[in-house]
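Residues per chain are reported as follows:
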Amino acid sequence: MSFECLTTDSQTSARRGRLTLPHGTVETPIFMPVGTQGTVKTLHPDDLVALDAQIILGNTYHLNLRPGLEVIEHFGGLHRFADWDRPILTDSGGFQVWSLAKLRKITEEGVRFQNHLNGATMMLSPEVSMQIQATLGSDIAMLFDECPPYPCDEKYAVDSLALTTRWAKRCKEWVESNQPRSGDGLQKHFGIVQGSTFADLREQSARELVELDFDGYAVGGISVGEPEHEMIRAIDNAVPFLPKDKPRYAMGLGTPPQMLEMVARGVDLFDCVMPTRVARHGQAFTLDGPIVIKNEKFRLDDRPICETSPPQVARFSRGYIRHLFKANEMLGLRLLSIHNLNFYLRLMEQARAHIEAGTFLDFKDNFIQRYNRKSS
RNA sequence: GGGUAGAUGGCCGAGUGGUUAAAGGCGACAGACUGUAAAUCUGUUCACGUAAGUGUACGAAGGUUCGAAUCCUUCUCUGCCCA
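First, a word on what this report is: a plain description of the structure on this page. Model, not experiment: these values are computed from the prediction. (Residues numbered from 1 in each chain as written. Chains lettered and ligands numbered in written order. Predicted model: local features only at pLDDT ≥ 70, side-chain atom pairs only at ≥ 80, totals over all residues. Heavy atoms only, no water.)

Let's shift gears to the protein's contact with RNA strand B. In the vicinity of RNA strand B there are 43 residues, among which Phe-95, Ser-223, Met-251, Val-273 and Lys-326 approach most closely. Close to the protein, within 4 Å, the atoms of RNA strand B are drawn from sugar and phosphate at a rate of 48%. In the environment of RNA strand B, a sugar or linking oxygen lies 2.8 Å from a nitrogen or oxygen atom belonging to the side chain of Ser-223. In this structure, Thr-276 approaches RNA strand B through a side-chain N or O atom, which is 2.6 Å from a base oxygen. Contributing elements (two or more residues each) for the surface near RNA strand B: strand S5 (56–59), helix H5 (94–99), helix H11 (274–280), helix H13 (318–326) and helix H14 (330–357). Among the elements that take part in the surface near RNA strand B, H11 stands out by supplying 5 residues, more than any other. Here the residues of the surface near RNA strand B are counted per class, giving 16 nonpolar, 18 polar and 9 charged. (Near = heavy atom within 4 Å. Polar contact = N/O pair within 3.5 Å; in protein donor to acceptor, adjacent residues only side chain to side chain. Helix = DSSP H or I, 4+ residues; strand = E, 2+ residues; numbered from the N terminus. Nonpolar A, V, L, I, M, F, W, Y, C, P; charged D, E, K, R; others polar.)

Under the criterion given, the structure shown has 0 disulfides. Cys-272 takes part in no disulfide bond, and the closest cysteine sulfur to it belongs to Cys-147, at a distance of 14 Å. Exposure remark for Cys-272: the relative accessible area of 6% places this residue in the buried category. (Disulfide = S-S within 2.5 Å. Buried < 20%, exposed > 50% of the residue type's maximum accessible area, 1.4 Å probe, protein only.)

Turning to the nonpolar core, a few remarks are in order. Core analysis: the biggest nonpolar cluster contains 87 residues, and Phe-31, Leu-260, Phe-270, Ile-305, Ile-321 and Phe-360 have the highest contact counts within it. Apart from the residues lying within four places of it in its own chain, the contact partners of Ile-305 are Ala-284, Phe-285, Thr-286, Ile-291, Ile-293, Val-313, Arg-318, Ile-321, Leu-336 and His-339. By size, the runner-up hydrophobic cluster in this structure holds 18 residues, among which are Val-26, Ile-140, Ile-192 and Met-251. (Core = buried A, V, L, I, M, F, W, Y, C linked by side-chain atoms within 4.5 Å. Contact = heavy atoms within 4.5 Å.)

Below, the discussion takes up the pattern of salt bridges. This model, assessed by the stated rule, comprises 23 salt bridges. Across the pair Arg-170 and Glu-127 runs a salt bridge, and its minimum N-O distance is 2.9 Å. Here Arg-170, found in helix H7 (residues 154–178), pairs with Glu-127, found in helix H6 (residues 126–136); they are 43 residues apart in sequence, far enough to count as distant. For the salt bridge of Asp-301 with Arg-318, the shortest nitrogen-to-oxygen distance reads 3.3 Å. Separated by 17 residues along the polypeptide, Asp-301 in the loop between strand S16 (291–292) and helix H12 (311–314) and Arg-318 in helix H13 bring together distant segments of the chain. One exposure class covers both Asp-301 and Arg-318, and it is buried. Because the salt bridges share partners, they merge into one network encompassing Asp-236, Glu-261, Arg-265, Lys-364 and Asp-365. (Salt bridge = Lys/Arg side-chain N within 4 Å of Asp/Glu carboxyl O.)

Keep in mind these values describe shape, not function.
See below:
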């Protein structure tokens, strides 16, 4: 059993779990920093270890394009290539089909697209994606799905979901004929629930995937520009049909309050570019909500970013970090990236502790109330 | 002293009779960002007004013209060249 549910919250659907993977154990609920191109932007792997990041992401589309499989194979897989010996989850490239939409054509076989680097025509299919992820050697490989846009009409959603399900079967068949049957050291495979904003489709998708039996289940098709209530609905419409003894992953989420709401609904895994991207754009998360460090009001502010800042960031004043951003200095990007990832990781750490202590609901409500309160 | 080029909004810099409150860049001030084509993108940036608009403004003063940042005169200042 690779996933163990240790504690279940009595007031919410939150659970405290443990996921055992080839490169280590992951305590859930957990946030997974995004390292698309084999690096969490601006950070050294030692930084991630210092922040106690337990698992990070890599991306099939991007890594296949550059440096290319031959290079990664030469270096013995993504872990050795990037010198990261903890777990890695790789996304299948399905999201890039959506985000690079102008350059692609979806067929039964897969997706034919012009890559964004040199425009060459390439093909990504269930088999190709699984093959690439196997070569990357990630701990968790995501199935190749189609991520429908938002908004999305029902006809499109029905057809798209049917395709995603057929692709899921092909992914499973590829894995069964190319990888050993079982074992703790084996790559895990997560199915992705689609169905857009339609409750019946979400349920159908979840049931079909569970029927196929994967190691874990993700909810996809969210974080594509939909309003927050649709995001939450998508989770509510899918989670009840997912097995309790398998990990659940909300793809691409979210803000700190969103993650806590999702934990309360029984989600175990999160990933999001937000903490690292907005950090590079000068935004920092604090217990009182996000702040834009570039704002003039921080010019003479000698306080640290937030009481949650780790020591390597807390030693610097807001005024100094503001200066780094105004002067375009790289250290600023790095400091806020560290700060924001720490904020996300500690938030999940606290969520785990409160689930164990039976105080999660109060913790969540208090956190969100303070986070959303308008203050300077 | 002679010659020559120039003086534009916080800075740099287009513009050489009307469509110019004046391109563009920088700076400044805000905003956005959710399975990363993102150290990116968007908005604002003379004054007053929510706005229509009004007033000032392209070194200074005067002039030509229906109309001038743009043409003419004088002056001031700056760069370069020659003595």
